[in-house]
Structures are given as structure tokens and as C-alpha cells.
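Listed below, chain by chain, are the residues.
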Amino acid sequence: MVNSRKHYIDRFSKAAIDSTKGTNLFPSVVMAQAILESSDSKGNAGNSQLAKFYNNHFGIKADIGWKGKKVMMPTREVIGGKSKMVNAWFRHYDHPEQSFNDRAQFLSKNPRYITAGVFIAKTPEAQAEALQRAGYATDPDYAKLLIGIINSNKLKSLDTVKNESPE
């Protein structure tokens, strides 16, 4: 669904860009993650149950420290090299843009993303690989999937906005 994906990118590009200001995060990676994590089984971005009904476009789970609303949902995880469905708690947002902003907060407050080099990556590809190293997702092809989405949708055009951390 090229039109569906294009519509999604048009709809959420500003949220992706705004959420990266002052973070060293690439909007192209944000958008690729949003597309991947919010897609339904047919690949339609923004059409997963979690995105449509709970405004969570990044599959961010609600761990014990989460104080906001949450919802239990089935999710596919790769455990011991095997794909299986499990139930997990996810964050529930009032608006999609809250999900985009919370993603940056979630990454910056979790030391594993800093240690993996997410915030010092020089390219979107390196940032995608750092997210995988940090364990953002259990899919062993996560970085490849993100890079494929970035390239096939020309998402690097979103990175033209300077988004470095203030010094």
C-alpha cells in the first residue's frame, strides 16, 4: 500500500522531526521504526491494533517504572531463535504524537541505548544497528528491516534538519 505508507509518512513526518530535536537521533530512523512497529500484518503503517486504538506507534512496552496508562496485547517475539506470540503490557497514549515524543525519552533514559551507541551514531544505518544491539526488538533482522524501510521510502530526506544535542 504505497499510498497508505506515503500518507502515514506525510501525516507523521513533523512528529518524527520534532521528537528528535536536541537528541542526535535521526528522523529517518524514527519514521522507519514507526512504520515497522505500527504496521498491521499486511504492512499498512499505523494500522496495528496498538497504534490505532492506543496510539503506540513504536511498540514501547510498559515496564514497572511506567506510570501512565497501559494495555495488555499479544506480540511476536523471537526467543531462543524461534518466533512466538506472547502477551505483554504496552504503553497507551492519548495522541500519536505523545508516542513519538516518548520514544526519545524512553531511549535517553535507558542506559543500554547510550551504551550501544544510539546517540553517537553518525548515520541512520549505524543508529539502526545500535538500536538492534541495545535490544530494542528481538527480531535478529531488525536493523536490516529499518534500513530497508529508510531506503525504500527515501526517509533520509527527513534528516536535513540539524538535530544535534545542545553543547
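Above: the structure in question.
Quantities reported herein were computed from a predicted structural model and do not represent experimental measurements.

Caption draft 1: Structural context of the overall build of the protein chain. Summing up its helical and strand segments, the protein chain has 7 helices and 2 strands in all. Listing every helix and strand of the protein chain by position from the N terminus yields α-α-α-β-β-α-α-α-α. Here the analysis covers contacts within the protein chain between residues at least 6 apart in sequence; of these, 59% occur between residues at least 24 apart. Summed over its atoms, the accessible surface of the protein chain is roughly 9100 Å², and 55% of this surface lies on carbon and sulfur atoms. For the protein chain, the distance from the average position of its 24 positive side-chain charges to the average position of its 16 negative side-chain charges is 3 Å.

Caption draft 2: The arrangement of the packing of aromatic side chains in detail. One pass over the structure, following the stated rule, counts 8 aromatic pairs. Both rings, one in Tyr8 and one in Phe12, keep their centres 4.8 Å apart while their planes meet at 50 degrees; by these two values the pair is tilted. Placement of the pair is Tyr8 and Phe12 together in helix H1 (residues 2-20), with a separation of 4 residues, close to one helical turn. The two residues Tyr8 and Phe12 agree in class, both being buried. With a centroid separation of 6.4 Å and an interplanar angle of 85 degrees, the aromatic rings of Phe106 and Tyr136 are classed as edge-to-face. With a gap of 30 residues between them, Phe106 in helix H4 (residues 96-109) and Tyr136 in the loop between helix H6 (124-134) and helix H7 (142-152) connect regions that are remote in the sequence. Joined through ring pairs, the aromatic side chains of Tyr8, Phe12, Phe58 and Phe100 make up one cluster.

Caption draft 3: Representation of unusual backbone geometry. In this model, Asn24 sits at a positive phi of 70 degrees, which is unusual for a non-glycine residue. Here Asn24 falls in the partly exposed class, since its relative accessible area comes to 26%. For Asn55, which is not glycine, the phi dihedral falls at a positive 55 degrees. When you line up the elements, Asn55 lands in the loop between helix H3 (49-54) and strand E1 (70-79).

Caption draft 4: Representation of the pattern of salt bridges. Applying the stated criterion across every chain, the model contains 9 salt bridges. Close ionic contact of Asp139 with Arg76 constitutes a salt bridge, the shortest N to O distance being 3.1 Å. With Asp139 in the loop between H6 and H7 and Arg76 in strand E1, this residue pair connects regions lying 63 residues apart in the sequence. Across the pair Lys156 and Glu125 runs a salt bridge whose closest N-O atoms are separated by 2.6 Å. Taken as a pair, Lys156 in the segment after H7 and Glu125 in helix H6 lie far apart in primary sequence, 31 residues in all. Within the structure, one salt-bridge network assembled from shared partners comprises Lys14, Asp18 and Lys21.

Caption draft 5: The packing of helix H2 (residues 27-38) against H6, seen in detail. Packing of H2 against H6 leaves a shortest axis separation of 9 Å and a crossing angle of 50 degrees. By the angle between their directions, the pair H2 and H6 is classed as oblique. Taken as a pair, H2 and H6 cross one another with a handedness that is right-handed. Between H2 and H6, the contacting residues are Ser28, Val29 and Gln33 on the first element and Pro124, Gln127 and Leu131 on the second. Grouping the constituent residues of the contact of H2 with H6 by class yields 3 nonpolar, 3 polar and no charged.

Caption draft 6: Representation of H7. Listed as buried for H7 are Tyr142, Ala143, Leu146, Ile147, Ile149 and Ile150. Down the axis, H7 shows its buried residues gathered within 160 degrees of arc, on one side only. In H7, the exposed positions angled more than 90 degrees off the buried face are occupied by Lys144 and Ser152. In the segment just after H7, Lys154 is the residue with positive phi, at about 50 degrees.

Reading the values: the criteria
Residues numbered from 1 in each chain as written. Predicted model: local features only at pLDDT ≥ 70, side-chain atom pairs only at ≥ 80, totals over all residues. Heavy atoms only, no water. Helix = DSSP H or I, 4+ residues; strand = E, 2+ residues; numbered from the N terminus. Contact = heavy atoms within 4.5 Å. Areas by Shrake-Rupley, 256 points an atom, 1.4 Å probe, with all protein chains shown as cover. Lys, Arg positive; Asp, Glu negative; His and termini not counted. Charge placed at Lys NZ, Arg CZ, Asp CG, Glu CD. Phe/Tyr/Trp six-rings, centres within 6.5 Å; stacked < 30°, edge-to-face > 60°. Buried < 20%, exposed > 50% of the residue type's maximum accessible area, 1.4 Å probe, protein only. Salt bridge = Lys/Arg side-chain N within 4 Å of Asp/Glu carboxyl O. Axes fitted to C-alpha atoms, helices over the stretch in contact; angles between N-to-C directions. Parallel < 35°, antiparallel > 145°, perpendicular 65-115°, else oblique. Left-handed = near helix turned anticlockwise from the far one by under 90°. Nonpolar A, V, L, I, M, F, W, Y, C, P; charged D, E, K, R; others polar. Arc of directions from axis to C-beta.

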